Amino acid sequence: IMSLNKVQLIGNVGKDPDVRYLDNGVAVATFPLATTDRAYTLANGTQVPERTEWHNIVLWRGRLAETAEKYVHKGDKLYIEGKIRSRSYDDQNGIKRYIVEIFADNMEMLTPRTTQAGTAQQPMQPGVAPQQPSSAQAVQTADASDDLPF
């Protein structure tokens, strides 16, 4: 019997990626991605409001985390392709918490970057650095409200 676990998302980054380095030097980037279904009206006149879903994105394959650390920022539009993973852990108070994450295998930046000459660049392919690096490379530190155990 065949099974499939594949997710494709196009959405906006909710905050700059949080990048951590494991003991073996592997980078792991995490950030929220918002996807929004537009509001619409049913044939009978019922209005269905806009609905935004937040997805927890985890990047670690290849150089995806390092790419995100350098070039992905809050508000950027991204294409993410990956798998759904769920896990549970006990928080600081011993309460069992559940989290669903998207482990990305592929990422494509859809927000055009402007070069110093003012022309837009092509969307970035995974593992390919853009022609002009970002001027700021900020890494946010985890705050106390961070729900992730690592």
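Only a predicted model underlies this, so the values are computations on that prediction, with no experimental measurement involved. (Residues numbered from 1 in each chain as written. Predicted model: local features only at pLDDT ≥ 70, side-chain atom pairs only at ≥ 80, totals over all residues. Heavy atoms only, no water.)

### Digging into the overall build of the protein chain
Short version of the rule: Counting from the N terminus, the helices are DSSP H or I runs at least four residues long and the strands are E runs at least two residues long. Burial classes follow relative accessibility: with a 1.4 Å probe on protein chains only, a residue under 20% of its type's maximum area counts as buried, one over 50% as exposed, and anything between as partly exposed. For the accessible areas, the method is Shrake-Rupley and the probe is 1.4 Å, while residue cover comes only from the protein chains on display.
Within the protein chain one finds 1 helix and 8 strands. Going from the N terminus to the C terminus, the protein chain shows its helices and strands as β-β-β-β-β-β-α-β-β. For the protein chain, the residues scored as buried account for 33% of the 150 residues in total. Total accessible area computed for the protein chain in this model is approximately 10100 Å², and 49% of it derives from carbon and sulfur atoms.

### So, the pattern of salt bridges
Where we set the bar: Think of a salt bridge as a Lys or Arg side-chain nitrogen and an Asp or Glu carboxyl oxygen that are within 4 Å of each other.
Taken as a whole and assessed by the stated rule, the structure comprises 6 salt bridges. The partner of K6 in a salt bridge is E81, with the nearest N and O atoms 3.2 Å apart. Taken together, the positions of K6 in the segment before β1 (7-13) and E81 in strand β7 (residues 77-90) put the pair 75 residues apart, joining distant regions of the chain. Given a relative accessible area of 49%, K6 falls into the partly exposed group. A salt bridge links E101 to R87, with the nearest nitrogen and oxygen atoms 2.9 Å apart.

### Remarks on the nonpolar core
How we decide: For the purposes of this section, nonpolar cores are sets of buried Ala, Val, Leu, Ile, Met, Phe, Trp, Tyr and Cys residues that join through side-chain atoms within 4.5 Å. Contacts were defined at the residue level, with two residues in contact if any of their heavy atoms lie within 4.5 Å.
Among the nonpolar cores identified, the biggest contains 21 residues, and F31, L33, I57, L59, L78 and I80 are the most heavily contacted of them. Looking at this core, the elements with two or more residues in it are β1, β3 (27-37), β6 (51-59), α1 (64-71), β7 and β8 (96-109). Look past the residues within four positions of L78 in its chain and what remains in contact with it is L9, I10, G11, V13, F31, L33, V72, M107, E108, M109 and L110.

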